[in-house]
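Results of the structural survey
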Amino acid sequence: MKLSQGQVDLLKRLTDPEAPSRIVIHAVVGSGVGRVVTQLLARDETGNALILTGSRLLREQWGRRLQEEAGRHVTELAGAASALELIEQGASRPGDVIIVSFDVLESSLTSRALLGRHFDVVVIDNPIEWLGRFLGKTLWDAGKVIVLQTTAVPGPWSDWPSLTTTVPRVEPDPADIADVDFSLGIEETDLFATASAFTMNNPTKRWNDGAETRPSLHQRLLRIVSAQSTEPGPAVDQQLDATTETAWTLLDRLEGMGPDPRLEALDRALSEAGRGQLTVVTTASLADLEYVAGHLAEIRTERLRIWSRGDPLLPSGPGVASPRELLLATDSIYGEVDEWPEDVRIVWWTRPSNAKQVLDALIAAAPRVRVWRLRAEAPD
Amino acid sequence: MVDAQKHEFLKVGRLIPDEQEIVRIGPRTTVGSALQLMQQHEFDQLPVVAGGEVVGVFTYRSLARGLGLMRRQDDPLDAEVDDLTEDLEFVRSSDDVAKVLRFIDRDGAVLVGDETNLLAVATSEDVTRFLWAQTHPFVLLQDIELATRELGRLACPSEETLIECVRAAFPPEGTPHSCVLEDLTLGELLQVVENGPNYGRHFKKTFGNNLNYVHATLDPVLEIRNKVFHFRGEVSVEELEILAAAHKWLLRKITKAGDGQ
C-alpha cells in the first residue's frame, strides 16, 4: 500500500541519522503510524526488533503486517510453548522480529525468553503504565525505542523527545454517517436492564459492559450457564445453581419476545443505503453476525457472503463478479482490511459501548465510506 | 522444503501451562517447610537447587521412601530435604511427548531444560489438562450434532415428514444422496432445520419460536467444526465458549422437548 505524503515525511524523520534513539510518537487513531513503522522495519539495516502490543489481536495484526509487508521472520510469543521454543533456539537470527502482547510479558518463561537478547529496535504500541518498570534493561539496551501513543501514559518515555505526527486523521464528512433510529419497547428495555445487572455481577463469568443486542445478550447468558463445562473442576455449588436458573429464566424471556425492532431498522438501513460497489453489514460479535445473516437470508434476494480474515472484499473469479452481493462481517474487518474500494456503503449493527472504538477503526481503515448507523431510542 | 517449526507437533513445550511458576528449594530446607510450600502452591514436587544446579527433586514419593530410613526418634518434619530427593528425567521442550510420556507415567513429572537451566516442569496433571483441552471440542461437537439430530427428530411426527423436510431444504439437483438424518453433515442438518417453511411447520416446536437464535447459536459452530476437524490451529477460548454455549442450549431444548411429550 502506498504511503501518504504525511506518512512518507514521518518515515524520513524516523530514518534520519540525526533522529533521537528514544522517541515518542503521539498519533491519533487513523493516522497510519503503524504502517510507517512497518516500512521502517522493512529496511534491512533495522536489525532485530521487539514489538510490544496491548492485545493478542494486535499482536497477530503486527505479525501479519511485518511478514507480508516487511518480509520479516516473525516470532509471536504467545505463551509457554513459544517461549520455550525461543529459549531452545538460542540467539536470534539477524533481522528477526519478536512480538509480545502485554498479557504474556509477566509470565516467567516469556521474561526468560527475552532475557539477554539485544534488540536494535523496540516498538511499544500504546504502552500501559507498569510496562516501563517491567522492561527496564531491555529498553535501555535497545538501539532505538519507538513508543506509539494515542493517549499519554506515564513511564520512562515521559521525558523522551516526542513527535506529534503530522499525518492527519481523515475525518469523515458528518453527512456520510446517517443514523437509523429505532425504538425499544418497555419490556425489552426492562429485560436488558435486568440482564445487564445480572451478567455484570454473576460469579461464573463477568463482563464490564451491558449486552446491547438480543443475540449478544443471548450469547452472554448461554456462556454463563455453560461456564462450568469449559474447565475441568469441582461441581457447581448452590450459588451457581441459582445463577444458572436466573440465566435460563432470562433466556426464556428473551427467546419469547416479539419481533426485534433492530432487525426492522436494519432492513430500513439497507433499503436507504441502496447498492454501492460494495455494501457491507458489520456487527460487534459473531452471534450478532449469524443472527443478522439468518434474518437477511429469509428476506433478501441477493447473495450473502460472510467475510472471514483473508477473504477479498469484492467477489472475484468467473461467475461471481456480481454486484448483487451483500457482505457480512464482524467489526474486526476494519482492523484487517487496509484497502477499500471507492463506493462502499456500510450498515453498522452497532453496540453503543464500543461504538467510539469501532468508529475510530472504521475511519482509519476506510475514511471515505458512507455509513448507516443503527441507533436505539429509549422508550418514553 | 517443509519448515518443521511452523507445524504444531506434539512437543513437550505444549504441555506447559502459560502461567507456570517454578518454586525451587535449597537442600537445607526442612521437610515441614517444603510440604507447606507444596500445599500452598498445590505442587507434587519441588526441584532442589544448590549452587544454581538442580541436585534432585523433593516429592511426596521421595519423602515416603525416605521415611523408612529415618530413626524413629527423629521428627521427619525437621529433617532436611537433601537426603529425601529423587532424580527426575531432564527433557527438552522440543522433545516429542510420546518419547517422554513413559517418564511422566513412571515419575509423575519430567524436568524441562538441564541441571543448570531448569525451565519448566511437565507433570501428569499437565498431560491430563492438555489432553482434555485437545479432546473437549470434539466431545462438544459430537454432542451438538447428536442433539441437533435428536431435536429434529422430536419435532417431526413421522420419519416420512422428516424426509420431506430434508427434500424441501435443498434444490432438486442438490439433495443429499440420503435423506436419513444420520447421513447428513452438520451443515446439511442445519440447512434442513433452518429452512424457513420447515422451521415454521415443525422445528420451532423443539428449537423455539425464534429461528434467528438458532442461527446465532448454531451457525458459528460450523466454522469451528471445520477448524477442529481440519486441524486448522488451536481452538481459542472464545470458540470453546461458543461450543459449550451451543451444547448447553441444545441439551436444555431436549429436556424441554422431553418434558412436553
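Quick look at the structure, then. Please read these numbers as outputs of a predicted model, since none were measured by experiment. Residue indices follow the written sequence of each chain, beginning from 1 at its first position. The order in which chains are written sets their letters, starting at A; the order in which ligands are written sets their numbers, starting at 1. For this predicted model, a pLDDT threshold of at least 70 governs which residues receive local features, and a threshold of 80 or more governs which side-chain atom pairs are given and counted, while totals over whole chains, interfaces and linings are taken from all residues. Side-chain measures were taken over the full set of non-hydrogen atoms in the model, leaving aside hydrogen atoms and water.

Concerning the overall build of chain B
We count it as follows: Secondary structure elements follow DSSP: runs of H or I of four or more residues count as helices, runs of E of two or more count as strands, with numbering from the N terminus. Radius of gyration means the value over C-alpha atoms here, while the globule rule gives 2.2 Å times the residue count to the 0.38 power. Relative accessibility under 20% of the residue-type maximum defines a buried residue, over 50% an exposed one, and the middle range a partly exposed one, all with a 1.4 Å probe and only protein chains included. Contact definition: two residues touch when any of their heavy atoms are within 4.5 Å. Residue exposure ignores everything except the shown protein chains as possible cover, and the areas themselves are Shrake-Rupley values with a 1.4 Å probe. Under the convention used here, Asp and Glu are negative, Lys and Arg are positive, and both His and the chain ends fall outside the count. The atom standing in for a charge is NZ when the residue is Lys, CZ when it is Arg, CG when it is Asp and CD when it is Glu.
Helix and strand counts for chain B stand at nine helices and six strands. Against the 2.2 N^0.38 benchmark of 18 Å for 261 residues, chain B shows a C-alpha radius of gyration of 27 Å, more extended than a compact globule. Residue burial in chain B is summarised as follows: out of 261 residues, 46% are buried. Of the contacts made within chain B by residues no fewer than 6 positions apart, 58% connect residues no fewer than 24 positions apart. If you sum the accessible surface of chain B, you get close to 13900 Å²; carbon and sulfur atoms cover 51% of it. Distance from the positive charge centre (27 side chains) to the negative charge centre (43 side chains) of chain B: 5 Å.

Topic: the overall build of chain A
Helix and strand content of chain A: 15 helices and 13 strands. Taken over 380 residues, chain A has a buried fraction of 51%. Residue pairs at least 24 apart in sequence account for 72% of intrachain contacts in chain A once pairs closer than 6 positions are excluded.

Comments concerning the interface of chain B and chain A
Bring the parts together and some accessible area is lost; that lost area is often taken as the interface size. Inclusion rule: Note on definitions: buried area is the accessible-area loss of two parts on being combined, 1.4 Å probe, summed for both. Any carboxyl oxygen of Asp or Glu that lies within 4 Å of a side-chain nitrogen of Lys or Arg is treated as forming a salt bridge with it. Pairs of N or O atoms are called polar contacts if they sit within 3.5 Å, as long as, within protein, a hydrogen donor faces a hydrogen acceptor (for residues adjacent in sequence, only side-chain-to-side-chain pairs).
Taken together, the contact between chain B and chain A spans 41 residues of the former and 38 residues of the latter. Of the roughly 3600 Å² buried at the junction of chain B and chain A (both faces included), carbon and sulfur atoms supply 53%. Among the residues chain B hides against chain A, the three largest losses belong to B:L119, B:Y213 and B:R252. Together they make up 19% of the total. Across the contact surface, chain B and chain A share six salt bridges. On inspection of chain B and its partner chain A, the count reaches 12 residue pairs in polar contact (both at pLDDT 80 or more).

Details of the side chain of B:D107
Looking at the element boundaries, B:D107 is found in helix 3 (residues 97-107). In this structure, B:D107 is in contact with B:R61, B:D87, B:L88 and B:E89, ignoring residues within four places of it in sequence.

Some points on the state of the cysteines
Residue and element names in this part refer to chain B. Rules: For the purposes of this analysis, a disulfide is any pair of cysteine sulfur atoms at a distance within 2.5 Å.
What the rule picks out here adds up to zero disulfides over all chains. Its sulfur unpaired, C156 is 4.2 Å from the next cysteine sulfur, which belongs to C165. The buried category is assigned to C165, whose relative accessible area is 2%.

Structural notes on helix 12 (residues 261-273) of chain A
Note that an α-helix has 3.6 residues per turn; residues three or four places apart therefore point the same way. All names here are of chain A. Applicable threshold: To estimate the expected span of a helix, subtract one from its residue number and multiply by 1.5 Å.
Taking 1.5 Å per residue, 13 residues should reach 18 Å; helix 12 reaches 18 Å between its end C-alpha atoms and fits that length. If you check which residues of helix 12 are buried, you get P261, R262, L263, A265, L266, A269, L270 and A273. The backbone nitrogen of R262 lies 3.0 Å from a side-chain oxygen of the residue at the head of helix 12, namely D260. In the segment just after helix 12, G274 is the residue with positive phi, at about 65°.

With respect to the packing of aromatic side chains
Put simply, the test is: Two rings from Phe, Tyr or Trp (for Trp, the six-membered ring) form a pair when their centres sit within 6.5 Å of each other. Planes less than 30 degrees apart are called stacked, planes more than 60 degrees apart edge-to-face, and all others tilted. In our convention, an over-ring charge means Lys NZ or Arg CZ found within 6 Å of a ring centre and within 35 degrees of that ring's normal.
Under the criterion given, the structure shown has five aromatic pairs over all chains. Measuring from ring centre to ring centre gives 5.4 Å for B:F138 and B:F229, while their planes differ by 85°; the resulting arrangement is edge-to-face. In this pair, B:F138 is assigned in helix 4 (residues 124-155) and B:F229 in helix 8 (residues 211-229), connecting sequence segments 91 residues apart. By relative accessible area, B:F138 is classed as partly exposed at 31%. What links up through ring pairs into an aromatic cluster is the set A:Y291, A:W349 and B:Y213. Over the aromatic face of A:W349 sits the side chain of A:R262, whose NZ or CZ is 5.3 Å from the ring centroid.

So, the sheet that holds strand 10 (residues 303-306) of chain A
All names here are of chain A. So the rule is basically this: Note on pairing: DSSP must find at least two bridges between two strands before they are called paired. Comment: axis = line fitted to C-alpha atoms, over the contacting stretch for helices; angle = value between 0 and 180 degrees taken between N-to-C directions.
If you trace the six strands from one edge of the open sheet to the other, you get 8-13-12-9-11-10, paired in parallel fashion. Strand pairing shows two members of the sheet lacking a second neighbour, strand 8 (177-183) and strand 10, which therefore form its edges. Here the average twist between neighbouring strands, direction ignored, is 25°. Here strand 8 runs beside strand 13 (residues 370-377); their pairing, made up of seven bridges, is parallel. In the sheet register, D181 faces strand 13, and the bridge partner there is R375. Relative to strand 11 (residues 325-330), helix 13 (residues 286-299) is tilted by about 160°, and along the sheet it contacts strand 9 (278-283), strand 10, strand 11 and strand 12 (344-349).

Considerations on the environment of A:L14
Residues and elements named next belong to chain A. Summarising the element assignment, L14 is placed in helix 1 (residues 5-15). Judged by its relative accessible area of 3%, L14 falls in the buried class. Residues L14 and L40, 26 residues apart in the sequence, show an inter-C-alpha distance of 7.8 Å. Apart from the residues lying within four places of it in its own chain, the contact partners of L14 are A19, I23, I25, V36, L40, K144 and I146.

Observations concerning the packing of helix 10 (residues 214-226) of chain A against helix 13 of chain A
Residue and element names in this part refer to chain A. Rules: In these notes the angle categories are as follows: under 35 degrees is roughly parallel, over 145 is roughly antiparallel, 65 to 115 is roughly perpendicular, and the rest is oblique. With the far helix as reference, a near helix turned anticlockwise by less than a right angle produces a left-handed crossing, and one turned clockwise produces a right-handed crossing.
Closest axis-to-axis distance for the helix 10/helix 13 pair is 8 Å, and the angle between their directions is 130°. Comparing their axes, helix 13 and helix 10 come out oblique. The handedness of the crossing between helix 10 and helix 13 is right-handed. Contacts between helix 10 and helix 13 involve R214, P215, S216 and Q219 from the former and A287, D288 and Y291 from the latter.

Structural notes on the pairing of strand 5 (residues 109-114) of chain B
All names here are of chain B. Here is the rule we go by: Here the term right-handed applies to a crossover when the path leading from its first strand over the helix to its second strand runs clockwise, the strands being oriented away from the viewer.
In the sheet, strand 4 (residues 90-91) pairs with strand 5 via two bridges, with the strands oriented parallel. Paired with F90 across the two strands is L111, which belongs to strand 5. Where the polypeptide runs from strand 4 across helix 3 and back to strand 5, its parallel neighbour, the crossover connection is right-handed. Sheet topology note: the strand 5/strand 6 (residues 117-123) ladder contains six bridges and is antiparallel. Counterpart to D114 in the pairing with strand 6 is N117. Here strand 5 folds back onto strand 6 in antiparallel fashion, the turn holding two residues.

Concerning the pattern of salt bridges
All names here are of chain A. Applying the stated rule across the entire model yields 36 salt bridges over all chains. For the salt bridge of R275 with E302, the shortest nitrogen-to-oxygen distance reads 3.1 Å. In this pair, R275 sits in the loop between helix 12 and strand 9 while E302 sits in the loop between helix 13 and strand 10, placing the two residues 27 residues apart along the sequence. Judged by its relative accessible area of 27%, R275 is partly exposed.

Some details on the sheet that holds strand 3 (residues 85-86) of chain B
Residue and element names in this part refer to chain B. Overall, antiparallel pairing links the three strands, which are arranged 1-2-3 in an open sheet. Among the strands making up the open sheet, the edge pair consists of strand 1 (45-50) and strand 3. Contacts between helix 1 (residues 31-41) and the sheet are confined to strand 1 and strand 2 (53-59), with strand 2 contributing the most and set at about 80° to the helix. The strands that helix 2 (residues 60-67) touches are strand 2 and strand 3; relative to strand 2, the one it contacts most, it runs at about 75°.

Digging into the packing of helix 4 of chain B against helix 6 (residues 186-194) of chain B
Residues and elements named next belong to chain B. Test applied: Three classes are used: nonpolar for Ala, Val, Leu, Ile, Met, Phe, Trp, Tyr, Cys and Pro, charged for Asp, Glu, Lys and Arg, and polar for all others, with Gly counted as polar.
Interaxial distance between helix 4 and helix 6 falls to 11 Å at its minimum, and their mutual angle equals 30°. In terms of orientation, helix 4 and helix 6 fall into the roughly parallel class. With respect to the hand of their crossing, helix 4 and helix 6 are arranged in left-handed fashion. The residues of helix 6 that touch helix 4, namely those facing E145, T148 and R149, are L186, L189 and L190. When its residues are assigned to classes, the contact of helix 4 with helix 6 shows three nonpolar, one polar and two charged.

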